[in-house]
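Survey of secondary and tertiary structure
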Amino acid sequence: MISFEPTEEQQMLIGAVRRFADKEMRPVYRDFDEEGEIPQNLVQKGWELGLTAAGIPEEYEGFAEERSVVTGALYAEELAWGDLAITMHLLAPGLAAYPILLCGTTEQKESYLPQFCEDEFKSATAALIEPTIRFDPAALKTTATLDGDEYVLNGNKAYVLLAETADLILVYAAEDGATQGFLVERGTEGLEVGDREKHMGIKALATYELALNDCRIPRASRLGGEAGCDLGQLMTLSRIATSALAVGVARASYEYALAYAKEREAFGEPIASRQAIAFMLADMAVDIDATRLMVWEAAWRMDQGKDAAKEAYLAKMFADEMVLRVTDGGVQVLGGYGYIREFPVELWLRNGRGFATFDGLAMV
Amino acid sequence: MIDFELPDQIKQQYAMFRQVAQASMRPISRDLDENEHEKPWDFINQMWPVVQMQEAYELKRAERKAAALAAGEKPAKPRKRRPSTVTLLMAHMIEAMSWGDAGIYLCIPGGQLGGEAIKAVGTIEQKRRFLKRFTEGEPKWAAMAITEPCCGSDTANIQATARLDEETNEWVLNGEKIFVTSGLMAAQESDGFVVVWASVDRSARRAGIKSFVVEAGTPGMKVTKTEEKLGIRASDTVSIVFEECRIPYDNVLGSPEVKKKDTTKGFKGVMKTFDASRPLVAASAMGIARATIEFVKETLEKDGIEIRYGLPRHRLTGLERDVMEMEAQYKAAWLLTLRAVSMLDERRPNAIESSMCKAKAGKAVTLITQKAVEILGPLVYSRKFLVEKWMRDAKINDLFEGTGQINTLIVARRILGYGRRELK
């Protein structure tokens, strides 16, 4: 039966995540953006919300009774409302954990998944994006070639979250033209973490270039073993997560602009009393709600075992444009102040623009 | 729980409506567009028994509720009751019918908006007196007359008056109404009625506005003009003049008393009808939008053009991006509509969601249909196909039941917590 109400459990989780976002992320995110670092103690606090483990079943020491992408989308929005860079850092381990959960062999699940359910933050990530304007997840330039009992990986990656500290990197590469995942552990020869990247936004988040030079890994490290993985399903999951993050960022900017427009006076009345401003805010509200519903529908389809590829893809396209429009509107409502770094809206615009380029950078 | 699954019963009925749309509406769609003011009688007669059944069911329910109230039973707590699916079903019916033809859909007999007003605020006696007609005899229509030459959304300015003649205990209506959908059928061509907004005290502005039921054939009510329109030509849109038009005292809906002057209390009740009707207008828009997108995709497919989902942006063609934009806009508006509809069924206040979906749907269907004519080019600019007609039909959805701008204004006021003084 059609319903748009999260369950009581989900509402409790949203409440907890929202408190964390409000109390722990909001007071510090601007400083982190300026300094380009996220302190470990905050990451640890966020890890203790248990979000990653909440998606891993009990048999692998997580506490998911029933894994739900809808639940993931709900908490992703709340976190991103707090701050996108911190959120992507917190969710990065999921980039390795969830593909293992969905496609991994029994051995891969048993050996890796319990590590994501421990008390300490487990640094892990995935390497999908490549440093070319013609990047296409389904036609990667990085290659994997079978040589005896080993795979040999070659190529260059970009936007690899936490690469420097990651114990495990899920590297996507083309094997005979088809994209497959390969589990590469820290310290493997031929795996070279490059320079820390400098981006327009998400400046607190540590992302790196990565080079794979004849990087050899055991044949058993192919994600899913002989069966491999379904890239489409993983991309769908990632698109849902990323779109949910976009909703959170957009909401942050919208809420700030709304409050500002009621405070700021011009010509003797709040600027919100002018339709030029009020209509922008109304359009933002409609856009945000619409995107959230599209994300929920795609997530619900995944939970139901229905094909959600098209829904997730359209939601992501819509979300990419929505978050840019809304965060740009946030700056516009604040006028000149919006351009000043003392105010948060310029940060949200920089982060908002990123979504069109974020592919496979979050999973729930 | 967040859930997008339709109940099986609605799925089945939706499938049936889609068949009716395909079999009985599409074949006559073009003809009725080319021959404005003609009525789809076969279709009307086909739908009438369905309408009668639904109206009879609703009337029986109202009777049961009234009997329970009279017997002193407390009405069941809304939260404990299973949410109804009446509006959800109606939205799907309207969507399917509008996929067939939005103008012909508006010709379906029955209470429509006028009936809704009575269902929302009428007494059980009024429901019996006015709604029973939709359960028997020949097809009948009801209409809603709000807009005047001077003003539409600026309802506080309504000039039509209702004066109480205490000697005869009758209301005497005077004034002119325009843009009355199905007004000809309701006021003149069937034994229907028109629900008219008029002021009992103009100095009280909004608080003085009440709605009155005027039955077809009442002396003093006259249809003076039938409009010629850009689209939805199968549906009649008329002007109605009231000249010393006398109706019984009991034909006023809700309390005739004027609450404190210059407050909007009584008026807000009247405006509530819009919270219920706007999502249904949005559903109609979505039917046209789906028809258009389906046609575009089928036409492209026949030409060997496939829309490739999942590609990175730089590999998409401009055409693919356009089609995907159409689909995303459709999805966004439809989901907003379903949300507003399901809140109605759950009996939760939905004023903001209702205006949101109406504003979005009006804009989306306008964009989608206009884009379709652009994409498919000279082929569909021709009247040989229905796309150009859908573009003309679509536009009404951004105009009636409040223009897109009025609905945006309502959303803006609600999110800001502003009244009409703070945000004009």
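Remember, predicted model here, so these are calculated numbers, not experimental data. Think of each chain on its own: its residues are numbered from 1, step by step along the sequence as written. Here chains are named by letter from A upward and ligands by number from 1 upward, in the order in which they appear as written. Confidence filtering applies because this is a predicted model: local features only for residues at pLDDT of at least 70, side-chain atom pairs given and counted only at 80 or more, and all residues used for totals across whole chains, interfaces and linings. Only hydrogens and water are set aside when side-chain values are computed; all heavy atoms of the structure are taken into account.

**Re the packing of helix α8 (residues 231–263) of chain A against helix α9 (residues 275–303) of chain A**
Residue and element names in this part refer to chain A. Lines fitted to C-alpha atoms define the axes, with helix axes restricted to the stretch in contact, and inter-axis angles between N-to-C directions lie between 0 and 180 degrees. Per the convention used, a helix needs a DSSP run of H or I reaching at least four residues, while a strand needs a run of E reaching at least two, with both numbered from the N terminus. Orientation of α8 relative to α9, taken along the N-to-C sense of each, is 155°, at an axis distance of 9 Å. Of the possible angle classes, the one that applies to α8 and α9 is roughly antiparallel. The handedness of the crossing between α8 and α9 is left-handed. Should an angle fall under 35 degrees it is called roughly parallel, over 145 degrees roughly antiparallel, and 65 to 115 degrees roughly perpendicular, with every other angle called oblique. Here a crossing is taken to be left-handed if its near helix is turned anticlockwise relative to the far helix by less than a right angle, and right-handed if that turn runs clockwise.

**Side note on the domain arrangement of chain B**
A common way to report how large an interface is uses the accessible area buried once the components associate. Residue and element names in this part refer to chain B. Residue ranges assigned to the domains are those given by an automatic or database domain assignment. Entries for chain B in the domain assignment read domain 1 (8–253) and domain 2 (265–416). Summarising the inter-unit geometry, the C-alpha centres of domain 1 and domain 2 are found 24 Å apart. Any two residues whose heavy atoms approach within 4.5 Å are treated as being in contact. At the interface, 41 residues of domain 1 touch 37 residues of domain 2. We define buried area as the total accessible area lost by two parts upon association, computed with a 1.4 Å probe and summed across both. When domain 1 packs against domain 2, the two sides together hide about 3,300 Å² of surface, and 62% of this comes from carbon and sulfur. If you sort the residues of domain 1 by the area they bury against domain 2, Arg30, Glu95 and Trp99 come out on top, with a joint share of 18%. A pairing counts as a salt bridge when a side-chain nitrogen of Lys or Arg comes within 4 Å of a carboxyl oxygen of Asp or Glu. In this structure, the connection of domain 1 to domain 2 is made through five salt bridges. Among the ionic pairs, Arg30 bridges to Glu388, the shortest N-O distance being 2.8 Å. Nitrogen and oxygen atoms within 3.5 Å of one another constitute a polar contact, given that in protein one can donate a hydrogen and the other can accept it, and given that sequence-neighbouring residues count only through two side-chain atoms. Run the count over domain 1 and domain 2 and you get 15 residue pairs in polar contact (both at pLDDT 80 or more).

**Concerning the environment of Thr292 of chain B**
Residues and elements named next belong to chain B. Relative to the helices and strands, Thr292 resides in helix α7 (residues 265–302). Note on exposure labels: buried denotes an accessible area under 20% of the residue type's maximum, exposed denotes more than 50%, and partly exposed covers the range between, all computed with a 1.4 Å probe on protein chains only. Since its relative accessible area comes to 0%, Thr292 is described here as buried. Each C-alpha atom, one on Thr292 and one on Lys331, is 13 Å from the other, the two residues being 39 residues apart in sequence. In this structure the side chain of Thr292 is engaged in a polar contact, spanning 2.8 Å, whose partner is the backbone oxygen of Ile288.

**Quick word on the interface of chain B and chain A**
Contacts between chain B and chain A engage 46 residues on the former and 48 residues on the latter. Of the roughly 4,500 Å² buried between chain B and chain A, counting both surfaces, carbon and sulfur atoms make up 64%. A per-residue breakdown of the area chain B buries against chain A is headed by Ile2, Phe4 and Arg313 of chain B, which together make up 17% of the total. The interface formed by chain B and chain A holds eight salt bridges in total. Connecting chain B to chain A are 22 residue pairs in polar contact (both at pLDDT 80 or more). Those elements that provide at least two residues to the side of chain B that touches chain A are α8 (318–345), α9 (351–376) and α12 (404–416) of chain B. At 13 residues, the largest contribution of residues to the side of chain B that touches chain A is made by α8 of chain B. All amino acids are sorted into three groups, where Ala, Val, Leu, Ile, Met, Phe, Trp, Tyr, Cys and Pro are nonpolar, Asp, Glu, Lys and Arg are charged, and the leftover types, Gly among them, are polar. Its residues assigned to classes, the side of chain B that touches chain A comprises 24 nonpolar, seven polar and 15 charged.

**Quick notes on the pattern of salt bridges**
Enumeration over the complete set of coordinates arrives at 63 salt bridges over all chains. Arg18 of chain A is the partner of Glu78 of chain A in a salt bridge, and the nearest nitrogen-oxygen pair spans 2.9 Å. Of the two residues, Glu78 of chain A sits in helix α4 (residues 69–82) while Arg18 of chain A sits in helix α1 (residues 8–25), which places them 60 residues apart along the sequence. In this structure, the salt-bridge partner of Lys297 of chain B is Glu327 of chain B, at a minimum N-O distance of 3.1 Å. Note that Lys297 of chain B is positioned in helix α7 and Glu327 of chain B in helix α8, a separation of 30 residues in sequence. By relative accessible area, Glu327 of chain B is classed as buried at 8%. Three or more residues joined by partner-sharing salt bridges are found here, namely Arg18, Glu77, Glu78, Arg251, Glu255, Asp289 and Arg292 of chain A together with Arg339 of chain B.

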